[in-house]
Amino acid sequence: MEFQQVVDRRRMVRSYTGEPVDSAVLQRILTNALHAPSAGFTQGWAFLLLDEADAVGRFWACTTDPDDEPDRWLRGMSRAPVIVVPLACKQAYLDRYAEPDKGWIDRDESRWPVPYWDVDTGMAALLMLQTVTDEGLGACFFGVPTERWSAFRSEFGVPETHHPIGAVSIGHRAPTDVAPSLRRGRTPLSDVVHRSRWSG
Ligand SMILES: Cc1cc2nc3c(=O)[nH]c(=O)nc-3n(C[C@H](O)[C@H](O)[C@H](O)COP(=O)(O)O)c2cc1C
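Note that the structure is predicted; figures quoted are calculated from it, not measured. (Residues numbered from 1 in each chain as written. Predicted model: local features only at pLDDT ≥ 70, side-chain atom pairs only at ≥ 80, totals over all residues. Heavy atoms only, no water.)

## Section: the overall build of the protein
Reasoning step 1: On a plain count of helices and strands, the protein comes out with nine helices and five strands.
Reasoning step 2: Mapped in sequence order, the helices and strands of the protein form the string α-α-β-α-α-β-α-α-β-α-β-β-α-α.
Reasoning step 3: Along the longest, intermediate and shortest principal axes, the C-alpha atoms of the protein span 50 × 45 × 35 Å.
Reasoning step 4: Counting over 200 residues, the protein shows a buried share of 39%.
Reasoning step 5: In the protein, 82% of the contacts between residues at least 6 apart in sequence involve partners at least 24 apart. (Helix = DSSP H or I, 4+ residues; strand = E, 2+ residues; numbered from the N terminus. Buried < 20%, exposed > 50% of the residue type's maximum accessible area, 1.4 Å probe, protein only. Contact = heavy atoms within 4.5 Å.)

This is the structure we're talking about:
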């Protein structure tokens, strides 16, 4: 697929057929994530790959409320055969920037203009989404509520040093999948690009 087609066609898919994802394709999706840029080339990310039905089921069990009846969103999403949880490691950045070429040896968090650990891991997630599109598959990036992090960590043995910036469902798009974002419409370029000076 041409790069522009990947950009144009990528959109979040929230309903899946349940058909498995080829392991070589999964490998490519994850390998491409590692090509994301990272501040100081820290690469302070990790990816929890859940590609077995039991593990995917346990993901949904620990990140959703068992008392809630599954809604349309959850029914569609939980049919995805693969979940990848991109995890960011703040400590890796504090340590990397304390190295001699950076010199922030006090590890003072107020030095950081924005949390680069989340930025970088988000860039890696976008590369996964784009690779999924290039493979003719569907994916959705979605949030993991902070009140579920503790249950998520203990279910999968994720250390406190790493936090999920979200999760990515991956699979074959179901024909019933709808694209709510398309109703809203994309913001025009002229509304968001401010040339030479902030305008409007
Ligand atoms: C940081 C972030 C968090 C998101 N969280 C959710 C979510 O929790 N559930 C969901 O269905 N979609 C989620 N989305 C997907 C957005 O709703 C979607 O990207 C947006 O509506 C634009 O649609 P498109 O990506 O299909 O073009 C999230 C996207 C981002 C970037």
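What follows continues from the structure just given.
## Describing the site of the ligand
Reasoning step 1: Lining the immediate environment of the ligand, one finds 11 residues, of which Arg10, Met12, Arg14, Trp73 and Gly143 sit closest.
Reasoning step 2: Within the side chain of Trp73, one N or O atom sits 2.8 Å away from an oxygen atom of the ligand.
Reasoning step 3: At 3.1 Å from a nitrogen atom of the ligand is found a main-chain nitrogen or oxygen belonging to Phe141.
Reasoning step 4: Against a free-state accessible area of 620 Å², the protein chains account for coverage of 56% of the ligand.
Reasoning step 5: Here the element with the most residues in the shell around the ligand is strand S3 (residues 138-142); it accounts for three residues. (Near = heavy atom within 4 Å. Polar contact = N/O pair within 3.5 Å; in protein donor to acceptor, adjacent residues only side chain to side chain. Areas by Shrake-Rupley, 256 points an atom, 1.4 Å probe, with all protein chains shown as cover.)

## What to know about the packing of aromatic side chains
Reasoning step 1: According to the stated counting rule, one finds 15 aromatic pairs in the structure shown.
Reasoning step 2: Here Tyr93 and Trp112 contribute two aromatic rings whose centre-to-centre distance is 6.4 Å and whose plane-to-plane angle is 85 degrees, an arrangement assigned as edge-to-face. You can see Tyr93 sitting in helix H5 (residues 90-96) and its partner Trp112 sitting in the loop between H5 and helix H6 (116-134), a full 19 residues away along the chain. An identical accessibility class is assigned to Tyr93 and Trp112; each is buried.
Reasoning step 3: Aromatic pair Trp104 and Trp112: ring centres 5.1 Å apart, planes at 80 degrees, arrangement edge-to-face.
Reasoning step 4: On the basis of relative accessible area, Trp112 is assigned to the buried category, the value being 8%.
Reasoning step 5: Through a chain of ring-to-ring contacts, the aromatic side chains of Phe59, Trp60, Trp73, Phe142, Phe152 and Phe156 assemble into a single cluster. (Phe/Tyr/Trp six-rings, centres within 6.5 Å; stacked < 30°, edge-to-face > 60°.)

## Digging into the packing of helix H2 (residues 23-33) against H6
Reasoning step 1: Closest axis-to-axis distance for the H2/H6 pair is 8 Å, and the angle between their directions is 145 degrees. The way H2 lies across H6 gives a crossing that is right-handed. For the pair formed by H2 and H6, the contact residues are Arg28, Ile29, Leu30, Asn32 and Ala33 on the first element and Ala124, Leu127, Met128, Thr131, Val132 and Asp134 on the second.
Reasoning step 2: Taken together, the residues of the contact of H2 with H6 break down into seven nonpolar, two polar and two charged. (Axes fitted to C-alpha atoms, helices over the stretch in contact; angles between N-to-C directions. Left-handed = near helix turned anticlockwise from the far one by under 90°. Nonpolar A, V, L, I, M, F, W, Y, C, P; charged D, E, K, R; others polar.)

## Observations concerning the state of the cysteines
Simply put, disulfide is the name for a covalent bond between the sulfur atoms of two cysteines.
Reasoning step 1: Inspection of every chain in the model, using the stated rule, returns zero disulfides.
Reasoning step 2: Left without a disulfide partner, Cys62 is nearest to the cysteine sulfur of Cys140, which lies 17 Å away. (Disulfide = S-S within 2.5 Å.)

## What to know about H6
Reasoning step 1: With 19 residues, H6 ought to run about 27 Å at 1.5 Å a step, and its terminal C-alpha atoms sit 27 Å apart, in line with that.
Reasoning step 2: All of the buried residues along H6 are Trp117, Asp120, Thr121, Ala124, Ala125, Met128, Leu129, Gln130, Thr131, Val132 and Thr133.
Reasoning step 3: Trailing H6 by a residue or two, Gly136 shows a phi angle of about 75 degrees, which is positive. (Expected span 1.5 Å × (residues − 1).)

## Here's the deal with the side chain of Ser15
Reasoning step 1: Within the secondary structure, Ser15 sits in the loop between helix H1 (3-9) and H2.
Reasoning step 2: Residue classification places Ser15 among the buried residues on the basis of a relative accessible area of 9%.
Reasoning step 3: A polar side-chain atom of Ser15 sits 3.0 Å from a polar atom in the side chain of Arg79.
Reasoning step 4: The contacts of Ser15, once residues within four sequence positions are left out, are Gly76, Arg79, His172, Arg173, Ala174, Thr176 and Asp177.

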